[in-house]
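# Structural overview
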Amino acid sequence: MKTGMLYAAGAFLAWGLFPLYFHAIKDVPASEILAHRMAWSLVFLMLVLLVRRQWKWLPQVLRQPKVVISFVASAFLLSANWFVYIWAVNNGHVVDASLGYFINPLVNVLLGMLVLKEKLRRGQWLAIAVAATGVAWLTWQGGQVPYIALVLALSFGAYGLLRKTAALAALEGLSFETLILFPLAVAYLGWLVFHGQSVFINAEADSTRWLLVAAGPTTAIPLLLFAAGARRIPMSVLGMLQYMSPSLQMLLGVWVFHEAFSANRLVGFLFIWGALAIYMLEGWLSSRKSSST
């Protein structure tokens, strides 16, 4: 239990500090960062699989077209989520990005109802209604839909749904997703080099190159820690630890990157936080009731 909490907390802490990493390479276009993230993640994961001698799953997967198609879909959802997040951080929208990951658990509940035909309890409906009120308030006050938050929440929610029903475990699944994305990433990086637009090649400081190479372990290690933690602790504990990430991201956005956080925006966030409190309280009461019967 303690080991699992340490693994999970390590993953969420790393994700919460991601804005600092992406801000350090903010001069690199989001598309190039994404391509390096795909390419170096595969290199890192291949080394992990090589050390663990864990290759038998790959030929079996390639003989199952339905599994391949599902991972193609999850790979592109993951890459879309990565791109929007990188763009958001590097364009001064860290707080908006954090809102997306506050909303994400409620999106998961909604997708479970719509796709997996799971029945929602009244408390869960109330949480979704309160969250929707918060999104509507932010839309009205800001004059536009909080599209960054919604795209991040929906894309990661859909990705989680596909991975929930996936045939592969975390390490193998992430390796296969990056294997699918790798040719596109290398082709794009090659195109940048050919046209003299590669920041990796043209950067004056070696630190920029090393930071781009670090995209591999920076991406893979938190995902592997998360998988290891999820296997050892209850989902209720995992769900509570999950809010470390968007909380840290929001604090970084306000205190480190000095993004605007008006009273009107605070009201919208309070609705979202209230929805999360209802969701967690309802889940705790429901589990307590079921364990006592």
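Here the structure is a predicted model, which means the values were calculated and not measured. (Residues numbered from 1 in each chain as written. Predicted model: local features only at pLDDT ≥ 70, side-chain atom pairs only at ≥ 80, totals over all residues. Heavy atoms only, no water.)

Check the secondary structure of the protein chain and you find 15 helices and zero strands. Here the C-alpha radius of gyration of the protein chain, 20 Å, is about what a compact globule of 293 residues would show, namely 19 Å. Viewed in the frame of its principal axes, the protein chain has a C-alpha envelope of about 60 × 45 × 35 Å. Each of the 293 residues in the protein chain was classed as buried or not, and the buried ones make up 43%. Sequence-distant contacts in the protein chain: of pairs separated by 6 or more residues, those separated by 24 or more amount to 83%. Accessible surface, the protein chain as shown: approximately 15200 Å² in total, 69% of it carbon and sulfur. (Helix = DSSP H or I, 4+ residues; strand = E, 2+ residues; numbered from the N terminus. Rg over C-alpha atoms; globule rule 2.2 N^0.38 Å. Buried < 20%, exposed > 50% of the residue type's maximum accessible area, 1.4 Å probe, protein only. Contact = heavy atoms within 4.5 Å. Areas by Shrake-Rupley, 256 points an atom, 1.4 Å probe, with all protein chains shown as cover.)

Right, let's get into the packing of helix 6 (residues 94–114) against helix 14 (residues 244–256). Running from N to C, helix 6 and helix 14 cross one another at 165°; their axes reach a closest spacing of 8 Å. Accordingly, the angle class assigned to the pair helix 6 and helix 14 is roughly antiparallel. Between helix 6 and helix 14 lies a crossing whose hand is left-handed. Of the residues in helix 14, those touching helix 6 at Val94, Val95, Ala97, Ser98, Tyr101 and Phe102 are Pro246, Ser247, Gln249, Met250, Gly253 and Val254. Classifying every residue of the contact of helix 6 with helix 14 by side-chain character gives eight nonpolar, four polar and no charged. (Axes fitted to C-alpha atoms, helices over the stretch in contact; angles between N-to-C directions. Parallel < 35°, antiparallel > 145°, perpendicular 65-115°, else oblique. Left-handed = near helix turned anticlockwise from the far one by under 90°. Nonpolar A, V, L, I, M, F, W, Y, C, P; charged D, E, K, R; others polar.)

Moving on, we come to the pattern of salt bridges. Close approach of charged atoms allows side chains of opposite charge to pair. Applying the stated criterion across every chain yields a total of one salt bridge. Note that Arg209 and Asp206 form a salt bridge whose closest N and O atoms lie 2.6 Å from each other. Highlighted residues: Arg209 and Asp206, both in helix 11 (residues 206–213), separated by three residues, approximately one helical turn. (Salt bridge = Lys/Arg side-chain N within 4 Å of Asp/Glu carboxyl O.)

Per the UniProt entry, the sites bearing "domain: EamA" (unreviewed entry) are residues 3–139 in this numbering. End C-alpha atoms of residues 3–139 are separated by 41 Å, and the span's content is 84% helix alongside 0% strand. (UniProt positions renumbered as here; feature names shortened; annotations may be inferred.)

Looking now at the packing of helix 6 against helix 8 (residues 147–164). Packing of helix 6 against helix 8 leaves a shortest axis separation of 7 Å and a crossing angle of 45°. Here helix 6 lies oblique to helix 8, going by the angle between them. Every pair of crossing elements has a handedness; the one defined by helix 6 and helix 8 is right-handed. Between helix 6 and helix 8, the residues in contact are Asp96, Ala97, Leu99, Gly100, Tyr101, Ile103, Asn104, Val107, Asn108 and Leu111 and Ile148, Ala149, Leu150, Leu152, Ala153, Leu154, Phe156, Gly157 and Ala158, respectively. When its residues are assigned to classes, the contact of helix 6 with helix 8 shows 14 nonpolar, four polar and one charged.

Taking 1.5 Å as the rise per residue, helix 14 with 13 residues should run 18 Å; its terminal C-alpha atoms sit 17 Å apart, in good agreement. Every buried residue of helix 14 is accounted for by Ser245, Pro246, Gln249, Met250, Leu252 and Gly253. Down the axis of helix 14, the buried side of the element spans an arc of 160°, and every buried residue falls inside it. Just past helix 14, the residue His258 takes up positive phi, approximately 55°. (Expected span 1.5 Å × (residues − 1). Arc of directions from axis to C-beta.)

Together, Leu13, Leu17, Leu20, Leu251, Trp255 and Val256 make up a nonpolar patch on the protein surface, roughly 550 Å² of accessible area in all. Broken down by element, the nonpolar patch gets its largest block of residues, three residues, from helix 14. On the basis of relative accessibility, which here comes to 36%, the residue Leu17 falls in the partly exposed class. (Patch = residues over 30% accessible without salt bridge, like charges linked within 9 Å, V, L, I, M, F, W, Y side chains within 5 Å.)

Across all of its chains, the model carries 15 aromatic pairs by this definition. Aromatic side chains Phe71 and Phe176 sit 5.7 Å apart centroid to centroid with 70° between the ring planes, which places their arrangement in the edge-to-face category. Placement of Phe71 in helix 5 (residues 65–90) and of Phe176 in helix 9 (residues 170–194) is noted, with a sequence separation of 105 residues between them. Assessed through its relative accessible area of 1%, Phe71 is described here as buried. Between Phe261 and Phe269, the ring centres sit 5.2 Å apart and the planes meet at 65°, which makes this aromatic pair edge-to-face. Taken together through their ring pairs, the aromatic side chains of Phe18, Tyr21, Phe22, Tyr85, Tyr101, Phe156 and Tyr159 make up a single cluster. Taking the ring centre of Trp82 as reference, the NZ or CZ of Arg37 above it sits at 4.4 Å. (Phe/Tyr/Trp six-rings, centres within 6.5 Å; stacked < 30°, edge-to-face > 60°. Lys NZ or Arg CZ within 6 Å of the ring centre and 35° of its normal.)

By secondary structure assignment, the location of Ile148 is in helix 8. In the structure, Ile148 is positioned 94 residues away from Gln242 in sequence and 19 Å away in space, judged by C-alpha atoms. Setting aside its immediate chain neighbours within four residues, Ile148 contacts Val84, Trp87, Ala88, His93, Asp96 and Ala97.

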